[in-house]
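Summary of the model geometry
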Amino acid sequence: MFPLRPPAGLAAWLAGARGGGLLALLANQCRFVTGLRVRRAQQIAQLYGRLYSESSRRVLLGRLWRRLRGRPGHASALMAALAGVFVWDEERIREEELQRSIDEMKRLEEMSGMFRSSGVERHPPEPKSQTEGVEDSGGKEQPWEMVMDKKHFKLWRRPISGTHLYQYRVFGTYTDVTPRQFFNVQLDTEYRKKWDALVIKLEVIERDVVSGSEVLHWVTHFPYPMYSRDYVYVRRYSVDEENNVMVLVSRAVEHPSVPESPEFVRVRSYESQMVIRPHKSFDENGFDYLLTYSDNPQTVFPRYCVSWMVSSGMPDFLEKLHMATLKAKNMEIKVKDYISSKPLEVGSEAKAATPSSERMSEGSCGPARIEYA
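Basis of the calculations
Once a new chain begins, its residue numbering starts again from 1 and follows that chain's sequence as written. Only residues with pLDDT of 70 or above have their local features reported here, since the model is predicted, and side-chain atom pairs are shown and tallied only from 80 upward, although totals for entire chains, interfaces and linings are computed over all residues. Processing note: side-chain calculations cover all non-hydrogen atoms of the structure and skip hydrogens and water entirely. UniProt positions are given in the numbering used here, feature names are shortened, and annotations may be inferred rather than shown by experiment. Secondary structure elements follow DSSP: runs of H or I of four or more residues count as helices, runs of E of two or more count as strands, with numbering from the N terminus. Burial classification: accessible surface area is computed with a 1.4 Å probe over protein chains only, and a residue below 20% of its type maximum counts as buried, one above 50% as exposed, and the rest as partly exposed. Contacts are assigned to residue pairs with any non-hydrogen atoms lying within 4.5 Å of each other. The accessible surface values rely on the Shrake-Rupley method and a 1.4 Å probe; as for residues, cover is taken only from the protein chains in view. Strand pairing is defined by DSSP finding a minimum of two bridges between the two strands. Note on ring pairs: Phe, Tyr and Trp rings are taken, using the six-membered ring of Trp, and paired if centres are within 6.5 Å. Classes follow the plane angle, with under 30 degrees stacked, over 60 edge-to-face and the rest tilted. Two conditions define a charge sitting above a ring: the NZ of Lys or the CZ of Arg must be within 6 Å of the ring centre, and it must be within 35 degrees of the ring normal. To estimate the expected span of a helix, subtract one from its residue number and multiply by 1.5 Å. Each direction from the helix axis to a C-beta atom contributes to the arc, which is the arc of those directions. Any N or O atom pair separated by 3.5 Å or less is treated as a polar contact, with the protein-specific requirement of one donor-capable and one acceptor-capable atom, and with residues adjacent in sequence counted only for side-chain atom pairs. The score called pLDDT rates the predictor's confidence residue by residue, from a low of 0 to a high of 100. We define a nonpolar core as any set of buried Ala, Val, Leu, Ile, Met, Phe, Trp, Tyr and Cys residues linked to one another through side-chain atoms lying within 4.5 Å.

Per an unreviewed UniProt entry, the recorded name for the chain is StAR-related lipid transfer protein 7, mitochondrial, and the organism is Moschus moschiferus. UniProt, in the comment section headed Function (unreviewed entry), describes the chain in these words: "May play a protective role in mucosal tissues by preventing exaggerated allergic responses."

See below:
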């Protein structure tokens, strides 16, 4: 008796398996199943979009994120499909981040004698850095190396382990402008479009009424022949009149309303902390500032080239910021007073975040080559 002959399709499948194509067939099946699940998630998202308001979707998504957090894969495919909203519970800048920056300033003030001597080549050792990723393979912090030492401006850097990049720190003093004016000029996005020629686009995307954090999209020119870079980042500022200190913290995030564009190179690693300590008060000339900064501009240039660009660009940026503050001080241009602005009132959890009206009214300009503020 002759054996039964399998159907043509099954025979082809078996032949493919015998020829080493079984793994490829299984991979195709997995992609098919994954695609079905993602499409199903998108359909669910569309249904929720019709049934619930934007604020309700934020609450729902936040709860889903907290429940799925820590599970294998972090449910990334589902969250990506549902992401029509920004999860403020995970991304807002918290009080601890602001306080860490202030503590760094306090430590440097305790060592202020070091800044009055111009022959110092090293940053004094610190107990712990506020920024992760600057330790060597043995868990030991990298030392700070002085790059620039001027009368009112000192710049250090230290390598970020596992990369060709550096973290930078600036300690400086201005005596001809007030802390309030300097702080406001950094925060005013509309004014920056006028004094910073490198800005292509700068707009506030969304604000969080719980913490005062806001998400911004910044597109900036880079030196030729490099492509322009764009940053999506969250920032938060605080003014402590009792302790006479101001702080501004920024770091990169992802936002669903600002997808990556082929016109620009997206910078996904970026952090900046600026602390300002008035010599007397917010409205009297004179203050010290501490700026800590790092980013990965996604260049193919060697470390020394990137370091040179940042080291030379940072003083130039700070001088432009200083000149812009002087113009504002002389009332040549009106700048919004962020310190006197009343904080937004918190309504309920459903109103925890609101899209920015500034986004609709702004033009097509934005921030500079390096976001130092």
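Moving on, we come to the overall build of the chain. When its secondary structure is counted, the chain shows nine helices and 11 strands. The buried share of the chain, taken over its 373 residues, is 45%. Partitioning the intrachain contacts of the chain with sequence separation of at least 6 by distance along the chain shows that 67% fall at a separation of at least 24. Here the chain has roughly 20400 Å² of accessible surface; of this, 55% comes from carbon and sulfur atoms.

What follows deals with the pairing of strand E5 (residues 214-220). By the criterion of burial, E5 is predominantly enclosed, with seven of the seven residues buried. Bridge count for strand E4 (residues 199-208) against E5 is seven bridges, and the pairing is antiparallel. By the bridge assignment, Arg207 is partnered in E5 with Glu214. Where E4 hands over to E5, the hairpin turn is made up of five residues, of which Gly212 adopts a positive phi near 85°. Here seven bridges tie E5 to strand E6 (residues 229-240), and the two strands are oriented antiparallel to one another.

Per the counting criterion, the structure on display carries 14 aromatic pairs. When the ring of Phe86 is compared with that of Trp88, the centres are 4.9 Å apart and the planes differ by 85°; the resulting orientation is edge-to-face. Take Phe86 and Trp88: they sit in the same class, and that class is buried. Taking NZ or CZ as reference, Arg157 lies 4.3 Å from the ring centre of Tyr166, over its face. The ring of Phe222 carries the charged tip of Arg229 above its face, separated from the ring centre by 4.8 Å.

Here we take up helix H5 (residues 95-110). In a regular helix each residue adds 1.5 Å, so 16 residues correspond to 22 Å; H5 covers 23 Å between its end C-alpha atoms and thus fits that length. Among the residues of H5, those classed as buried are Glu97, Leu98, Ser101, Ile102, Glu104, Met105 and Leu108. Projected down its long axis, H5 shows its buried positions confined to an angular sector of 145°, all on one face. The inward-facing, buried residues of H5 abut strand E3 (166-174), E6, strand E7 (245-252), strand E9 (270-278) and strand E10 (287-295).

Counting buried residues in strand E2 (residues 153-159) gives six out of seven residues, a clear majority hidden from the surface. The pairing of strand E1 (residues 145-150) with E2 spans five bridges and is antiparallel. Each residue of the ladder has a partner; that of Met148, found in E2, is Leu155. Connecting E1 to the antiparallel partner E2 that follows it, the hairpin turn spans two residues. For E2 and E3, the ladder comprises seven bridges, and the chain directions are antiparallel. Bridging across to E3, Pro159 finds its partner in Tyr166. With antiparallel pairing between neighbouring strands as the criterion, E2 and E3 make up a hairpin whose turn holds six residues, including Gly162 at a positive phi of roughly 80°.

Time to look at the side chain of Arg251. With respect to the secondary-structure elements, Arg251 resides in strand E7. When its relative accessible area of 16% is taken as the criterion, Arg251 is described as buried. There is a polar contact of 3.2 Å between the side chain of Arg251 and the backbone oxygen of Glu91. Setting aside residues up to four positions removed in sequence, Arg251 forms contacts with Glu91, Arg92, Ile93, Glu97, Tyr233, Val234, Tyr270 and Glu271.

With respect to the helices and strands, the residue Arg236 is situated in strand E6. Taking the C-alpha atoms as reference points, Arg236 and Glu214, separated by 22 residues in sequence, lie 6.6 Å from one another. Those residues within four positions of Arg236 in sequence are excluded, and the remaining contacts are Ile93, Arg94, Glu95, Leu98, Ser211, Ser213, Val247, Leu248 and Val249. In terms of polar contacts, Arg236 uses its side chain to reach the backbone carbonyl oxygen of Ser211, at 3.0 Å.

Another point: the confidence of the model for the chain. This prediction gives the chain a mean pLDDT of 75; 57% of its residues lie at or above 70. Here residues 342-352 is modelled with pLDDT under 50, and outside its nearest four sequence neighbours on either side it reaches 13 contacts, counting other chains as well.

The next subject is the nonpolar core. Counting residues in each nonpolar core, the largest one holds 46 residues, and the members touching the most others are Val170, Tyr231, Ile276, Tyr289, Met314 and Leu318. Residues within four places of Ile276 in sequence aside, it is in contact with Pro179, Phe182, Phe183, Gln186, Asn244, Val245, Met246, Phe287, Asp288 and Tyr289. Ile102, Met105, Leu108 and Val245 belong to the second-largest nonpolar core, a separate cluster that totals 22 residues.

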